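# Residue-level structure breakdown
The residues making up each chain are set out below.
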Amino acid sequence: RAAAAAAGAAAGKSVEQEEAAFERPYGGAVDSERLHIYAFNHTVRRNRTEGVRVAVNVSAAAREAPVLVVVRQEEAVLSFQVPLILRGLFQRKYRYEAVGRTLCQPPAQNESEVQFFYVDVSTLSPANVSYQLLVTRVESFVLGTHQPLDFTATAAQPQYFKYEFPEELDSVIVKVTSATVFPCSVISIQDILCPVYDLDNNVAFIGMYQTMTKKAAITVQKKDFPSHSFYVVVVVKTEDQACGGALHYYPFSEDEPVDQGSRQKALNVVVSPAITSQAYVSGTLFCLGIFLSFYVVTLLIACWGAWRQRRKRAMGLLAPVETPRTDTARLLGDSGVTPDPFLGRPPYSTYGYGSFDNASTVSTENVSDSLLSTEASYGYADRSLENLVGRPRLDSLSSVEEDDYDTLTDIDSDKNVIRTKQYLYVADLARKDKRVLRKKYQIYFWNIATIAVFYALPVIQLVITYQTVVNVTGNQDICYYNFLCAHPLGNLSAFNNIISNLGYILLGLLFLIIILQREISYNGALMRNDTQALECGIPKHFGLFYAMGTALMMEGILSACYHVCPNYTNFQFDTSFMYMIAGLCMLKLYQKRHPDINASAYSAYACLAVVIFFSVVGVVFGKGNTAFWVIFSIIHIVSTLLLSTQLYYMGRWRLGEFWPPLPWAFLATPSYMLLSERELNLPTSPAPSFLPS
């Protein structure tokens, strides 16, 4: 006391110091010549932490010269002015004439000891400034597990509480709720250090924090806090824009702070145990087991199918593999009966026009006469002989160019004749060389593999940077999680959101394995000259299937990357390969009904790139923008109608040549992506299988 009086005398001030007590209000007036000091003492115990709160109010006359309040403790100093001026966006200033702060409590060195602290009240105003001082104890300063606590907070009267980890818990979830959306508030988790940053302008300095309207949750792990305890800080913001609210009117013409009133918010906080490490392991293994069960089922089905084949061969139920009787054999004078529905004989299901037996090596000169006579009955006299001579299906793919073979335009007249058959199948329209189409569909796989590499690498780098920024700054507003359900593991903030995408990768890999097995089986059947593989159904091409499986795996990888730190700027990571999968499935379905008509890989991926571009534009500019959605809807509807018409009348009508009289009646049907059965007079029974057997 003597030292304080001597210091005040040396400064030319009158110092008034008195012993003060908790829960008792003190009033007075200070000016530039007078300083008031209040001395408090209280008993602290090592096994019990008691909070202390200091509240100061001033009169409106103190706006020009605020009152300075300094709280001196043994290991910390807290100072603030009243009225308190806090800044918002665009240098807006807000004034609060009632300020309340909680003192940082240093740990007790002994089982029980008496600690002193002093509250100094001063001002530089030449006139008297009245104030009210109240120091109280915070009885519920230490939070308990599963013990909810109700309290109120304002921008100038923040609140914080202490939580200590029990021995049996390694992580907890701090959940804060409120019945009102606004005012916007901030929840912060800070280590037991002094000072505690509990104002809107400094709450983001240390620890983890996130903004909230009605609900917030933060998962806290014991390993992150050496003292095995932490502070839960609740701050009400000066403005609501951080929570999606509107900025209130601010009189920029005056350089005066705005009095916001109370901006009070009622909240509830409760600390609950998070899931244990055993739950992490069991949940991950269960998820992995579910998807691996598909592998087991697939393996069992494959073994069962192989066993059935061996059993049929052992019992002599499978017919011997023979080279089918084709046009070439008939042209060479084979005495076999030619199947012909017009002659009263049953049609041969694998009948093909202009196809030769792979074993035949006859020259074109030897068969020209017989060929012309045969073509006359089917109207093929106008087709060149070199286009009718079939090539073996398993020849080398080198030096194969699509321009060397018939295109859709070249065989237009041929196609019109085929459509007059009594029993018409989709396989009858497969006129192009199989090797050309196989090479064409293989480009789908190599293109999507290249796209995946160049797309995934920067995505992975970006999300790792996002997660690092979140861990270093503690700003959990960077990533949008369901924080109540986000379970961290290591440096990942939401491990469960990432592991849930494992199914895409595992099932996509299983799909690729199945396709690889089917392709090996099919090629083996071709090598054995199997009748069904050579002549039945449309040609089998596996490039699109490989592309679909790769897209499914990449969807899992990129979705996991997106869920590392989901936010407004990387939403397209989760959706890009969804569009890829949908587009490739449409192309495969279309190819099953149109074996010779399909888009090239380059044009298909270019169209998908346009779709992804519009999806990104919609995310960036579509929020609350009515004009954007009107323009987009018009473009989408017109493009869909034109593309649908083009696909439906493929080969019968070209975009720009003429307009069909009534295309819209056909587009109203959901099957506009498929070949018109009415146009082709196709039977419905011999539909091709989705995967080659």
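Worth saying up front: this structure is predicted, and the values here are computed from it rather than measured. (Residues numbered from 1 in each chain as written. Predicted model: local features only at pLDDT ≥ 70, side-chain atom pairs only at ≥ 80, totals over all residues. Heavy atoms only, no water.)

### Quick word on the overall build of the protein chain
- When its secondary structure is counted, the protein chain shows 16 helices and 21 strands.
- Across the 693 residues that make up the protein chain, the buried fraction comes to 43%.
- Put simply, of all contacts in the protein chain between residues at least 6 apart along the chain, 77% involve residues at least 24 apart. (Helix = DSSP H or I, 4+ residues; strand = E, 2+ residues; numbered from the N terminus. Buried < 20%, exposed > 50% of the residue type's maximum accessible area, 1.4 Å probe, protein only. Contact = heavy atoms within 4.5 Å.)

### Brief notes about the pairing of strand 16 (residues 185-191)
- Most of strand 16 is tucked away: six of the seven residues are buried.
- Where strand 16 meets strand 17 (residues 208-212), five bridges bridge the pair, whose relative direction is antiparallel. Looking across to strand 17, one finds that Ile189 is bridged to Met208.
- Bridge count between strand 16 and strand 19 (residues 229-236): seven bridges; the pairing is antiparallel. Within strand 19, the residue paired with Val186 across the bridge is Val235. (Pairing = 2+ DSSP bridges.)

### With respect to a nonpolar patch on the surface
- On the surface, Val610, Phe613, Phe614, Ile631 and Ile635 cluster together into a nonpolar patch covering about 460 Å² of accessible area.
- Among the secondary structure elements, those contributing two or more residues to the nonpolar patch are helix 13 (601-621) and helix 14 (626-648).
- If one sorts the elements of the nonpolar patch by residue count, helix 13 sits on top with three residues.
- As for its position among the elements, Phe614 is in helix 13. (Patch = residues over 30% accessible without salt bridge, like charges linked within 9 Å, V, L, I, M, F, W, Y side chains within 5 Å. Areas by Shrake-Rupley, 256 points an atom, 1.4 Å probe, with all protein chains shown as cover. Salt bridge = Lys/Arg side-chain N within 4 Å of Asp/Glu carboxyl O.)

### Brief notes about the confidence of the model for the protein chain
- A residue-level look at the protein chain finds 75% of positions with pLDDT of 70 or above and a mean pLDDT of 78.
- Within the model, the stretch residues 658-693 combines pLDDT values under 50 with 69 contacts to residues more than four positions away or in other chains. (pLDDT = per-residue confidence, 0-100.)

### What about the pattern of salt bridges?
- Scanning the model with the defined rule gives eight salt bridges in all.
- Between Asp120 and Arg72 there is a salt bridge whose closest N-O contact spans 2.8 Å. In this pair, Asp120 is assigned in strand 10 (residues 112-123) and Arg72 in strand 5 (residues 67-72), connecting sequence segments 48 residues apart.
- The exposure class of Arg72 is partly exposed, given its relative accessible area of 31%.
- Note that Asp200 is salt-bridged to Lys237, the shortest N-O span being 2.9 Å. Remark: Lys237 occurs in the loop between strand 19 and strand 20 (258-259) and Asp200 occurs in the loop between strand 16 and strand 17; sequence separation between them is 37 residues. Considered together, Asp200 and Lys237 belong to a single accessibility category, that of buried residues.

### Quick notes on the sheet that holds strand 15 (residues 171-178)
- Taken together, the four strands give an open sheet; going across it, the order is 13-21-15-18, and neighbouring strands pair in antiparallel fashion. Single-partner strands in this sheet number two, and they are strand 13 (149-153) and strand 18 (215-221). Averaged over all pairs of adjacent strands, the angle between strand axes in this sheet comes to 25°, irrespective of strand direction.
- Pairing of strand 13 with strand 21 (residues 265-273), which is carried by five bridges, proceeds in the antiparallel orientation. Bridge pairing in strand 21 links Leu149 to Val269. (Axes fitted to C-alpha atoms, helices over the stretch in contact; angles between N-to-C directions.)

### So, helix 9 (residues 502-527)
- Across its 26 residues, helix 9 extends 38 Å between first and last C-alpha, which sits within 8% of the 38 Å expected from 1.5 Å per residue.
- Among the residues trailing helix 9, Asn529 stands out with phi positive, at a value near 60°. (Expected span 1.5 Å × (residues − 1).)

### A closer look at the packing of aromatic side chains
- Inspection of every chain in the model, using the stated rule, returns 29 aromatic pairs.
- Aromatic rings pair up to connect Phe613, Phe614, Phe628, Trp629 and Phe632 into one cluster.
- The side chain of Arg137 reaches across the aromatic face of Phe22, ending 4.1 Å from its centre. (Phe/Tyr/Trp six-rings, centres within 6.5 Å; stacked < 30°, edge-to-face > 60°. Lys NZ or Arg CZ within 6 Å of the ring centre and 35° of its normal.)

### Some thoughts on the packing of helix 2 (residues 277-315) against helix 9
- In the contact formed by helix 2 and helix 9, the axes pass within 9 Å of each other and the chain directions differ by 10°. Taken together, helix 2 and helix 9 sit at an angle that is classed as roughly parallel. Across the interface between the two elements, Leu288, Phe291, Phe294, Tyr295 and Thr298 from helix 2 touch Leu502, Gly503, Leu506, Leu507, Leu509, Leu510, Ile513 and Ile514 from helix 9.
- A class-by-class count of the residues in the contact of helix 2 with helix 9 yields 11 nonpolar, two polar and no charged. (Parallel < 35°, antiparallel > 145°, perpendicular 65-115°, else oblique. Nonpolar A, V, L, I, M, F, W, Y, C, P; charged D, E, K, R; others polar.)

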